[in-house]
Amino acid sequence: MKRRLGFSTRAVHGDPEGRPDWAPVVAPLYQSATFTNPIGSAQEVIYARYGNNPNHVAIAKRLALLEGAEAALFVGSGMGAIALSHLAVLRPGDHLLSSEWIYGGVYRLFAQEFGRFGIEVSFVNPLEPRTWKRGLKKNTRAIFVETPTNPLLRVLDLEPIATLCKTEGLALLVDATFATPLNYRPLEHGADVVIHSATKYLNGHSDVLAGAVAGSESVIEEVRKLLHVWGQALDPMAAWLIDRGMKTLAVRVARQNETALAVAEWCAKQSQFATVHYPGLPSHADHDVAKRILNGFGGMLGVELKGGARAAERFLRALTIAAHAPSLGGVETLVSEPRLTSHAMLTPDARARAGIPDGFLRFSIGLEDSDDIIADFAQALAQL
Ligand SMILES: *Cc1c(COP(=O)(O)O)cnc(C)c1O
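**Things to note about the environment of Gly104**
Line of reasoning, step 1. Positionally, Gly104 belongs in helix 4 (residues 104-113).
Line of reasoning, step 2. A relative accessible area of 13% means that Gly104 is categorised as buried.
Line of reasoning, step 3. A sequence separation of 17 residues divides Gly104 from Leu87, and the C-alpha atoms of the two residues are 18 Å apart.

**Quick look at the nonpolar core**
Line of reasoning, step 1. Grouped together as the largest cluster of nonpolar side chains are 56 residues, with contacts concentrated most on Phe74 and Ile143.
Line of reasoning, step 2. The two domains that each donate at least three residues to this core are domain 1 (7-14 + 28-35 + 44-247) and domain 2 (249-382).
Line of reasoning, step 3. When neighbours within four sequence positions are excluded, Ile143 is seen to be in contact with Leu96, Leu97, Trp132, Ile161, Leu164, Cys165, Leu170, Ala171, Leu172 and Leu173.
Line of reasoning, step 4. Grouped together as the second largest cluster of nonpolar side chains are 31 residues, Val121, Ala142, Ala171 and Val223 included.

**Brief notes about the site of the ligand**
Line of reasoning, step 1. With respect to spatial proximity, 13 residues lie near the ligand, and among them Met79, Asp175, Ser197, Thr199 and Lys200 are the closest.
Line of reasoning, step 2. A distance of 2.6 Å separates an oxygen atom of the ligand from a polar atom in the side chain of Thr199.
Line of reasoning, step 3. For the ligand, the accessible surface in isolation is 380 Å², of which the surrounding protein chains cover 92%.
Line of reasoning, step 4. Of the residues belonging to the shell around the ligand, the class tally is five nonpolar, five polar and three charged.

**Regarding the domain arrangement of the chain**
Line of reasoning, step 1. Here the chain is partitioned into domain 1 (7-14 + 28-35 + 44-247) and domain 2 (249-382).
Line of reasoning, step 2. Domain 1 and domain 2 are separated by 25 Å when their C-alpha centres are compared.
Line of reasoning, step 3. Facing the 31 residues of domain 1 at the interface are 40 residues of domain 2.
Line of reasoning, step 4. Roughly 2,900 Å² is buried in total at the junction of domain 1 and domain 2, and carbon and sulfur atoms are behind 62% of that figure.
Line of reasoning, step 5. Contact with domain 2 buries area across many residues of domain 1, yet Val155, Asn183 and Tyr201 alone supply 25% of it, more than any other trio.
Line of reasoning, step 6. Counting the contacts that link domain 1 with domain 2 gives two salt bridges.
Line of reasoning, step 7. Asp157 is the partner of Arg292 in a salt bridge, and the nearest nitrogen-oxygen pair spans 3.2 Å.
Line of reasoning, step 8. Remark: the boundary between domain 1 and domain 2 carries 16 residue pairs in polar contact (both at pLDDT 80 or more).
Line of reasoning, step 9. Listed by contribution, the elements that provide at least two residues to the side of domain 1 that touches domain 2 are helix 1 (7-13), helix 7 (180-183) and helix 9 (236-247).
Line of reasoning, step 10. Per-element accounting of the side of domain 1 that touches domain 2 gives the leading share, four residues, to helix 7.
Line of reasoning, step 11. Taken together, the residues of the side of domain 1 that touches domain 2 break down into 15 nonpolar, 11 polar and five charged.

**Looking at helix 14 (residues 370-382)**
Line of reasoning, step 1. Between its first and last C-alpha atoms helix 14 spans 18 Å; for 13 residues at 1.5 Å apiece the expected length is 18 Å, and the two agree.
Line of reasoning, step 2. Those residues of helix 14 not exposed but buried are Ile373, Ile374, Asp376, Phe377, Ala380 and Leu381. Along helix 14, the residues classed as buried sweep out an arc of 160° about the axis, all on the same side. Those residues of helix 14 that are exposed and aimed more than 90 degrees away from the buried face are Asp371 and Ala382.

**Some thoughts on the packing of helix 2 (residues 54-67) against helix 9**
For any two helices packed against each other, one specifies the inter-axial angle together with the distance between the axes.
Line of reasoning, step 1. Packing of helix 2 against helix 9 brings their axes to within 8 Å, and their N-to-C directions diverge by 35°. The handedness of the crossing between helix 2 and helix 9 comes out as left-handed. In contact with Asn55, His56, Ala58, Ile59, Arg62 and Leu63 of helix 2, helix 9 contributes Pro236, Ala239, Trp240, Ile242, Asp243, Met246 and Lys247.
Line of reasoning, step 2. Its residues assigned to classes, the contact of helix 2 with helix 9 comprises eight nonpolar, two polar and three charged.

Reading the values: the criteria
Residues numbered from 1 in each chain as written. Predicted model: local features only at pLDDT ≥ 70, side-chain atom pairs only at ≥ 80, totals over all residues. Heavy atoms only, no water. Helix = DSSP H or I, 4+ residues; strand = E, 2+ residues; numbered from the N terminus. Buried < 20%, exposed > 50% of the residue type's maximum accessible area, 1.4 Å probe, protein only. Core = buried A, V, L, I, M, F, W, Y, C linked by side-chain atoms within 4.5 Å. Domains from an automatic or database assignment. Contact = heavy atoms within 4.5 Å. Near = heavy atom within 4 Å. Polar contact = N/O pair within 3.5 Å; in protein donor to acceptor, adjacent residues only side chain to side chain. Areas by Shrake-Rupley, 256 points an atom, 1.4 Å probe, with all protein chains shown as cover. Nonpolar A, V, L, I, M, F, W, Y, C, P; charged D, E, K, R; others polar. Buried area = accessible area lost by both parts, 1.4 Å probe. Salt bridge = Lys/Arg side-chain N within 4 Å of Asp/Glu carboxyl O. Expected span 1.5 Å × (residues − 1). Arc of directions from axis to C-beta. Axes fitted to C-alpha atoms, helices over the stretch in contact; angles between N-to-C directions. Left-handed = near helix turned anticlockwise from the far one by under 90°.

Below is the structure:
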């Protein structure tokens, strides 16, 4: 029997194959929209929109190995991956039960677009026990959750939700962008489909827009059929960059786990922060769940400055290392304010009730030295 390879080895090599002499160590970029095909052949042609050029195939295989999935597919964006994977499992007349703690773009897709296709969506608080069961309807076909959540980094235990899905015959789709397959693999906890914004950790360098879906052969085949006609194709160059990015996924995320914990622990000791949100801190609401189910606490961190929006603005102006930018999962530390980005559509009161008062800052910790990030925070706090 073949020895099972470790996560880092799979991230670099996938399933290593024999190398012929004089082969390039790095897979070449096939920057070609189309490929020759044998005359008279009825086989599917290779065409970049189909997600089947050699660069696409290589990263899909690798992600499937990392997630423990039968198959995977990369598309042009995380939103594209979410849209296609839901269209693959839902039909007109179906009901989708979704967590309300999800990416803003996904919320708008569900709330504003799915109705046009006769797909009904309702939202529930994923943190209340029995919320899922109560939210079920006769026509419920699927449940969607995101974990860890943005920006409070709540960690959902998927097993009870997955058990409900099994007994009710529902599909469970999980956006695990924040987790990465190093820290949490939803398919091992009963999910049917795992979705990533590959723009974030999978690529890891803030220079590519992409999405990915992993699951059974049959569900990925459905998503692929939709990709053919809806057209959220990934450019071959982007696939090549993701190939490079995924080789360092394990080291990047391991280091980001470590640095984020160090920064979170330091922040927790500073009187100017009212609260620090990090699943690795014992003070976090889901610390016990996180310890039990995650392999790492992640690179995302939320802090709440006591001085509200004004303090946040001053703090941001004083920072010299973190770039003030949306998005996450890159090598550079990024910081954003949910009140102006992901949660801008809520009133200040509604945000405060949701646990995101003004003064809340979300950090995506990069690969800088933790001492430097902490020193930068310290000098910025001193200027408040
Ligand atoms: C960024 C993000 C998305 C959307 O991904 P894009 O690649 O920007 O389309 C979806 N879900 C989560 C959790 C994200 O962070």
